Amino acid sequence: QKEVEQNSGPLSVPEGAIASLNCTYSDRGSQSFFWYRQYSGKSPELIMFIYSNGDKEDGRFTAQLNKASQYVSLLIRDSQPSDSATYLCAVYSGGYQKVTFGTGTKLQVIP
Amino acid sequence: DGGITQSPKYLFRKEGQNVTLSCEQNLNHDAMYWYRQDPGQGLRLIYYSQIVNDFQKGDIAEGYSVSREKKESFPLTVTSAQKNPTAFYLCASSINIRTGGGYNEQFFGPGTRLTVL
């Protein structure tokens with residue numbers, strides 16, 4: 001069983017701080033990694049994906065991937081109250097494999 | 001506007017009744033998926049389809065059925081055999097990795113919330 005593990009939180013950070021969300025995965029053959037944001041009662045929205053070791057930046061968001069440690073993270077700089085949501089990590093192992101989702105980390109940004 | 005639509009937004013089912021959830025996409029994606037999400041839990045895959053007229057069971061297919069007669073449409077039927085169907089149902093689509101490249105990033109519709117009365 002391929003697994004994706006996330007701390008359920010809640011992770012509370014003050015407005016303007018950096019929020020760090022972490023995810024580990026079990027399948028060493030995993031090829032691409034996704035971060036989705038899900039507001040309460042809404043569907044997931046893709047915010048970042050990464051497939052190479054290192055960092056990928058998009059605005060206030062940075063995804064970090066370390067395949068040797070089987071670890072992927074999402075950094076949110078200058079956190080805003082509107083960033084308060086559940087963040088889902090998802091992993092794709094290639095070919096006709098399915099995408100496996102973690103259970104999500106709830107982020108609370110305190111004004 | 002390209003996107004994925006799901007209907008209805010809210011659905012109520014009586015005991016013993018079959019109901020069908022609609023999912024349509026105009027993104028020209030080959031692959032489509034159905035997930036179920038229960039409160040405080042992650043997404044669980046029900047069924048997926050890589051191409052028209054072909055689909056595979058996911059992790060929790062019992063009590064559900066699907067069809068894929070058109071590229072744009074992937075309806076899900078929740079049958080009376082599904083004993084605990086109350087959940088948030090999400091449809092997603094992605095480019096077929098065999099024909100369209102990409103990294104299998106999936107895009108979601110707005111969801112259907114099903115409640116058993």
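K.L.:
Tell me about the overall build of chain B, and name the residues and values.
P.N.:
Along its length, chain B carries one helix and eleven strands. The helix and strand sequence of chain B, counted from the amino end, reads β-β-β-β-β-β-β-β-β-α-β-β. Taking the principal axes of its C-alpha atoms as reference, chain B extends roughly 45 × 25 × 25 Å. With 117 residues in all, chain B has 50% of them scored as buried. Surface summary for chain B: the accessible area is close to 5700 Å², and the carbon and sulfur share equals 48%. The average position of the 12 basic charges and that of the 11 acidic charges among the side chains of chain B differ by 6 Å.

K.L.:
How would you explain the state of the cysteines if you had to name every residue and give the values?
P.N.:
Formally, a disulfide is one covalent bond, and it connects the sulfur atom of one cysteine to the sulfur atom of another. Residue and element names in this part refer to chain A. For the coordinates displayed, the defined rule picks out two disulfides over all chains. Shown here is the disulfide that connects C23 with C89, its sulfur atoms set 2.1 Å apart. Taking the torsion about the sulfur-sulfur bond, which here is approximately -75 degrees, the covalent link between C23 and C89 counts as left-handed. Pair noted here: C23 is in strand β3 (residues 19–25) and C89 is in strand β9 (residues 85–92), with a separation of 66 residues, a long-range link.

K.L.:
Can you tell me about the sheet that holds strand β6 (residues 54–58) of chain A, naming the residues and giving the values?
P.N.:
All names here are of chain A. Here five strands make up an open sheet; going across it, the order is β1-β3-β8-β7-β6 and the pairing antiparallel. Each edge of the sheet is formed by a strand with only one pairing partner; in this case those strands are β1 (4–5) and β6. As paired strands, β6 and strand β7 (residues 61–66) are joined by five bridges and run antiparallel to one another. Residue K56 lies in a different strand from β7, and its bridge partner there is A63.

K.L.:
Describe in detail the nonpolar core, supporting the description with residues and values.
P.N.:
Residues and elements named next belong to chain A. Grouped together as the largest cluster of nonpolar side chains are 23 residues, with contacts concentrated most on W35, V72, L74, I76 and Y87. Put simply, the parts of the chain that give this core at least two residues each are β3, β4 (32–38), β5 (45–50), β7, β8 (71–76), β9 and β11 (105–110). Contacts of Y87, omitting those with residues within four sequence positions, involve Q6, L21, W35, Y36, R37, I47, L74, I76, G104, T105 and L107.

K.L.:
Mind laying out the packing of aromatic side chains, listing which residues take part and the relevant values?
P.N.:
Aromatic ring pairs are defined here through the distance separating the ring centres and the angle between the ring planes. Under the defined criterion, the tally for this structure stands at twelve aromatic pairs over all chains. Here F34 of chain A and F49 of chain A contribute two aromatic rings whose centre-to-centre distance is 6.1 Å and whose plane-to-plane angle is 40 degrees, an arrangement assigned as tilted. A residue pair is termed long-range when its members are at least 10 positions apart, and F34 of chain A in strand β4 and F49 of chain A in strand β5 qualify at 15 residues. Here F34 of chain A matches F49 of chain A in class, with each residue buried. The rings of Y36 and F101 of chain A together with Y33, Y35, Y48 and F108 of chain B are connected pair by pair, giving a single aromatic cluster. Above the ring of F49 of chain A, the side-chain terminus of K56 of chain A is found at 3.9 Å from the ring centroid. Taking the ring centre of F88 of chain B as reference, the NZ or CZ of R113 of chain B above it sits at 4.2 Å.

K.L.:
I'd like a rundown of the pattern of salt bridges, residues and numbers included.
P.N.:
By the definition in use, this model includes six salt bridges over all chains. For E57 of chain A, the salt bridge identified is with R77 of chain A, shortest N-O distance 3.5 Å. Residue E57 of chain A is located in strand β6, and its partner R77 of chain A is located in the loop between β8 and β9; the two are separated by 20 residues in the primary sequence. The exposed category is assigned to E57 of chain A, whose relative accessible area is 58%. The exposure class assigned to R77 of chain A is partly exposed, which follows from its relative accessible area of 26%. Two residues, D30 of chain B and K71 of chain B, come together in a salt bridge whose shortest N-O distance is 3.5 Å. Of this pair, D30 of chain B sits in the loop between β3 (19–25) and β4 (31–37) while K71 of chain B sits in the loop between β7 (64–66) and β8 (76–78), and the two are 41 residues apart along the sequence.

Cut-offs and rules
Residues numbered from 1 in each chain as written. Chains lettered and ligands numbered in written order. Predicted model: local features only at pLDDT ≥ 70, side-chain atom pairs only at ≥ 80, totals over all residues. Heavy atoms only, no water. Helix = DSSP H or I, 4+ residues; strand = E, 2+ residues; numbered from the N terminus. Buried < 20%, exposed > 50% of the residue type's maximum accessible area, 1.4 Å probe, protein only. Areas by Shrake-Rupley, 256 points an atom, 1.4 Å probe, with all protein chains shown as cover. Lys, Arg positive; Asp, Glu negative; His and termini not counted. Charge placed at Lys NZ, Arg CZ, Asp CG, Glu CD. Disulfide = S-S within 2.5 Å. Pairing = 2+ DSSP bridges. Core = buried A, V, L, I, M, F, W, Y, C linked by side-chain atoms within 4.5 Å. Contact = heavy atoms within 4.5 Å. Phe/Tyr/Trp six-rings, centres within 6.5 Å; stacked < 30°, edge-to-face > 60°. Lys NZ or Arg CZ within 6 Å of the ring centre and 35° of its normal. Salt bridge = Lys/Arg side-chain N within 4 Å of Asp/Glu carboxyl O.

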